[in-house]
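Summary of structural features
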Amino acid sequence: MNSKVRVRIAPSPTGFVHIGLARTALFNYFFAKKNKGDFVLRIEDTDKERSKKEFEEDIINNLKWLGLNWDEFYRQSDRVDIYKKYIEQLLKSGKAFWCLHTEEELEQESERQYTAKEAPRHICEHKRKNLKPESGQSGVIRLAVDSNADNAIIFNDIVRGKIKFDSKLLGDFSIAKSPEEPLYHMSVVVDDYEMKISHVIRGEEHLANTPKHILIQEALGFDTPAYVHLPLILNKDRSKLSKRHGAVSVGEFRGQGYLPEAIINYLGLLGFTPKGDREVLSFAELTGEFELERIHKAGAIFDYQKLDWLNGEYIKKMNPQNFAERLFDFMEGQGIESGRKSVENIVSLVQTRLRKLSDIKDFDYLFKEPEFDKNLLKWKGEDIGKSFDALREVLVIVEKSGVDDMSRLRDMLNGLSENIGGKGLVFWPFRVAITGKESSPDPVEVAKVIGKEKTIARVKKALNFEK
RNA sequence: GGCCUCGUCGUCUAGCCUGGUCUAGGACAUCGCCCUUUCACGGCGGUAACACGGGUUCGAAUCCCGUCGAGGCUGCCA
């Protein structure tokens, strides 16, 4: 047995990269890197009908975006000859056989079993008859499973412990449509063997497939790798995470302005907890802390709020130049009008206010003139006329001393506040005039960012409401 | 239906293996207070959980059994 750690992820390119795959990939990656092993990416595209090139590209792009770089890459459609060799070997030795039952026959059988409350399985009488489909006849290749023996399949799952299945409940399950068309169970087993995979770390949905894989390994004389089944990521209702409760593809998260480091951090803590109670951990820290033995057993609901919080933490932590760059790139990618220079200017006032980059949409007034309702200018408990009075004074101050010296401007506005009876009476209408919103950063800072000219224009425009 | 897995605050979890230190700890969310021109940030504080029932034991979140609940698989998909 090869003692080098080699792990793999085996996505099928039948949809956009799901967050569950990203998590599985991440745990495999952690384990590989922690143990100086290899991380293999294998595209499982044996289903020609459903596999699409665009999804393969999506897998590659998003895995890279997350920083999960693989050491080796394979594509099952390039490996047909290898599977064929093993399938023929099984056929020749009688460990596999052609089943020529029609789909209708099989359907009837399983219906009968369901009503009779039996285990659903197909014990095929074509076994050992050495049949072959005639031209035009359809059939499938099945593994010959001994359904009489009391043959328990026992394996050890590193997170779940000893797991026992009864092999006679499996029936003669299918492994290939033809020697050139392996089915999932066959191709995984062959590839994991050929690629010398030491640990199979995959989602819990594969737990029930494991005995089938072990049976194929036995038939082929392969060693069994170590198995680790990860707890599922769940929707709010505890079903397997799916579309319709929110974003589930990595691409969607990316498009909403989540940072890869936040996604990695969040995913790394879903189903795993390092020692200590830290929650904000870098990729390297997570890798260093990783141990298969600490993986959880129970599924975990995907908590979008906590991801948002973490993403906000990463945004706040970033140095301003770096943040400005990423925000600008994001905005450009989303077709939001800005400019590299103006994005740099707004960093100080949005960095603590964004949880995801797409939240920048709430700050559109930094880039264009706001629209708002006249009554918004009214400060609580006061007559709207007082707002206009204050704005007229603000206008004078801004025209006279500009907006660049913030502490001076703030001092003057504070002085004005004392004269007319309260800061709110000055700052509230000023804020509304230049942002059109009831909540925003300090209007003095906003004024500086948009500049004297625009500040004056906006205050004047607000004053027009008076007429 | 059959097989398999799982079950600590609303959510993610610590603790469980090696019973007492658990009047169950942390984080997100939520609520309240402080800061304050609004929002955000920040600071402080609160509410909130061992699924249930038996057993073992001086003592159980921790060990055993059962019940209930949830999920996964049950494809000529992966």
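If you're wondering where the values come from, they're calculated on a predicted model, not measured in any experiment.

What follows is about the overall build of chain A. Of the regular secondary structure elements, chain A holds 17 helices and 13 strands. In summary, chain A has a C-alpha radius of gyration of 32 Å against a globular reference of 23 Å for 467 residues, an excess of more than 25%. With the principal axes as the frame, chain A shows a C-alpha extent of 100 × 45 × 40 Å. A buried classification covers 48% of the 467 residues belonging to chain A. Partitioning the contacts of chain A with sequence separation of at least 6, the portion at a separation of at least 24 is 74%. By element, 47% of the accessible surface of chain A is carried by carbon and sulfur atoms, the whole surface being about 23,200 Å². In chain A, 74 side chains carry a positive charge and 74 a negative one; their mean positions are 2 Å apart.

Surveying the vicinity of RNA strand B reveals 63 residues, the closest of which are Thr352, Arg353, Lys423, Arg431 and Ser440. At the protein interface, 72% of the atoms of RNA strand B within 4 Å belong to sugar or phosphate. Residue Gln305 places a side-chain N or O atom 3.5 Å away from a sugar or linking oxygen belonging to RNA strand B. Lys306 is positioned such that a nitrogen or oxygen atom in its side chain is 3.1 Å from a base nitrogen of RNA strand B. Every element with two or more residues in the surface near RNA strand B is listed here: helix H4 (103-115), strand E5 (140-143), strand E7 (161-166), strand E8 (174-178), strand E13 (300-301), helix H10 (304-317) and helix H15 (423-435).

Taken together, Glu103, Glu104, Glu105, Glu107, Glu111 and Glu125 make up a surface patch of like negative charges. With respect to the element layout, Glu105 can be found in helix H4.

Rules used throughout
Residues numbered from 1 in each chain as written. Chains lettered and ligands numbered in written order. Predicted model: local features only at pLDDT ≥ 70, side-chain atom pairs only at ≥ 80, totals over all residues. Heavy atoms only, no water. Helix = DSSP H or I, 4+ residues; strand = E, 2+ residues; numbered from the N terminus. Rg over C-alpha atoms; globule rule 2.2 N^0.38 Å. Buried < 20%, exposed > 50% of the residue type's maximum accessible area, 1.4 Å probe, protein only. Contact = heavy atoms within 4.5 Å. Areas by Shrake-Rupley, 256 points an atom, 1.4 Å probe, with all protein chains shown as cover. Lys, Arg positive; Asp, Glu negative; His and termini not counted. Charge placed at Lys NZ, Arg CZ, Asp CG, Glu CD. Near = heavy atom within 4 Å. Polar contact = N/O pair within 3.5 Å; in protein donor to acceptor, adjacent residues only side chain to side chain. Patch = residues over 30% accessible without salt bridge, like charges linked within 9 Å, V, L, I, M, F, W, Y side chains within 5 Å. Salt bridge = Lys/Arg side-chain N within 4 Å of Asp/Glu carboxyl O.

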